[in-house]
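# Chains, contacts and geometry: an overview
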Amino acid sequence: MRNVTLILDDGSRFHGKSFGYEKPVAGEVVFNTAMSGYPESLTDPSYAGQLMTLTYPLAGNYGVPPFTLEPNGLATFMESEHIHAEAIIVSDYSENYSHWNAVESLGNWLKREQVPGITGIDTRELTKVLREHGVMMGKIVLSKRVIRSSLWLMMGGGRMAKPMPHLPWRGATAWLL
């Protein structure tokens, strides 16, 4: 899993790990309070262009059902034929799933549909920020590894800034955007 960061319009940053397709995305950050039903929520067209945060702390534990159609032409276990949300943000992602109807993991489905997923985010804090500040745009960026012996903070446009020796070390490397 690769390090990723969710950056909100107000400057708030939430660091996590990627478990879906790895690409930067941007959109309106929203939250969903359902305790289950991520296949239905992700395929709901009303979430198009949004970075969906699940407030329930665990996602992925029951996998993803097959895409099937009822005789009336409606999807059986989903709201539409593909994922509409730009990304999914969860507190804890379970790679191992168990359900009689599951055909693949949430992570594999996201990769197949080219949708990013982030885990390890404090979704309680993120939801609190969204409730207090209202609608907020955000972006998911992939982190870059910075070598300890020459710790530099990358700024916009690829130019280098001054060394940042006051930053805390995490093992032998530091991770910065």
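Each chain carries its own residue numbering, running from 1 in the written order of its sequence. Given that this is a predicted model, residues contribute local features only at a pLDDT of at least 70 and side-chain atom pairs are listed and counted only at 80 or more, while totals for whole chains, interfaces and linings are drawn from all residues. To get the side-chain values, all heavy atoms of the structure are used, and hydrogens and water are removed first.

### Here we look at a nonpolar patch on the surface
- In this analysis, a patch consists of residues with relative accessible area above 30% that form no salt bridge, clustered at 9 Å for like charges and at 5 Å for the nonpolar side chains Val, Leu, Ile, Met, Phe, Trp and Tyr. In these tables, accessible area is a Shrake-Rupley quantity obtained with a 1.4 Å probe, and a residue counts as shielded only by the protein chains included in the view. Any carboxyl oxygen of Asp or Glu within 4 Å of a side-chain nitrogen of Lys or Arg constitutes a salt bridge here. Taken together, the side chains of Met35, Tyr56 and Leu58 define a hydrophobic patch exposed on the protein surface, amounting to about 290 Å² of accessible area.
- Mapping Leu58 onto the fold places it in strand 5 (residues 58-59).
- When a residue's accessible area, from a 1.4 Å probe over protein chains only, is under 20% of the maximum for its type it is buried; when over 50% it is exposed; and in between it is partly exposed. Overall, Leu58 belongs to the partly exposed group, its relative accessible area being 32%. Working definition: helices are DSSP H or I runs of at least four residues, strands are E runs of at least two. Numbering for both runs from the N terminus.

### Considering the packing of aromatic side chains
- The pairing test for Phe, Tyr and Trp rings, Trp by its six-membered ring, is centres within 6.5 Å, and the orientation test on the planes gives stacked under 30 degrees, edge-to-face over 60, and tilted for anything in between. One pass over the full model with this rule turns up 2 aromatic pairs.
- Here Phe19 and Tyr93 contribute two aromatic rings whose centre-to-centre distance is 4.0 Å and whose plane-to-plane angle is 15 degrees, an arrangement assigned as stacked. Linking Phe19 in the loop between strand 2 (13-18) and strand 3 (25-32) with Tyr93 in strand 7 (residues 92-93), this pair joins segments that are 74 residues apart in sequence.
- With relative accessibility at 5%, the residue Phe19 sits in the buried group.
- Classification of Tyr93 as buried rests on a relative accessible area of 10%.

### Comments concerning the pairing of strand 3
- A pair of strands is treated as paired once DSSP finds two or more bridges between them. Relative to strand 9 (residues 136-142), strand 3 is paired through 5 bridges, and the arrangement is antiparallel. By the bridge assignment for strand 9, Val29 is matched with Met136.
- Here 5 bridges tie strand 3 to strand 4 (residues 50-54), and the two strands are oriented parallel to one another. In the strand pairing of strand 4, Glu28 is matched with Gln50.

### Thoughts on helix 3 (residues 123-133)
- Where helix 3 is concerned, the buried positions are Thr123, Leu126, Thr127, Val129 and Leu130. Axial view of helix 3: buried residues confined to an arc of 160 degrees, hence all on one face. Within helix 3, the exposed residues directed more than 90 degrees away from the buried face are Arg124, Arg131 and Glu132.
- Structurally, helix 3 contributes buried residues whose contacts are with strand 1 (3-8), strand 2, strand 3, strand 4, strand 6 (87-89) and strand 9.
- What qualifies as a polar contact is a pair of N or O atoms within 3.5 Å, subject to a donor-acceptor requirement within protein and to the restriction that residues adjacent in sequence count only when both atoms come from side chains. Measuring from the backbone nitrogen of Arg124 back to the side-chain oxygen at the start of helix 3 gives 3.2 Å, which picks out Asp122 as the cap.
- Looking one or two residues beyond helix 3, the residue adopting positive phi is Gly134, at roughly 80 degrees. This arc describes the spread of directions from the helix axis toward the C-beta atoms. Should any heavy atoms of two residues lie within 4.5 Å, those residues are counted as being in contact.

### Thoughts on helix 2 (residues 106-113)
- Along helix 2, the residues that are buried comprise Leu106, Gly107, Trp109 and Leu110. The buried residues of helix 2 occupy an angular sector of 160 degrees when projected down its axis, which confines them to one face.
- Of the residues one or two after helix 2, Gln114 is the one with positive phi, at around 60 degrees.

### Here we look at unusual backbone geometry
- Even without a glycine there, the phi angle at Gln114 is positive, about 60 degrees.
- Here Gln114 shows up in the loop between helix 2 and strand 8 (117-119).
- The class for Gln114 is partly exposed, based on a relative accessible area of 42%.

### A few points about the pattern of salt bridges
- Across all of its chains, the model carries 3 salt bridges by this definition.
- Measuring nitrogen to oxygen at the nearest pair gives 2.4 Å for the salt bridge that ties Arg112 to Glu104.
- On the accessibility criterion, Arg112 (53% relative accessible area) is exposed.
- For Asp122, the salt bridge is made with Arg124, and the minimal N-O distance between the two is 3.6 Å.
- Given a relative accessible area of 68%, Arg124 falls into the exposed group.

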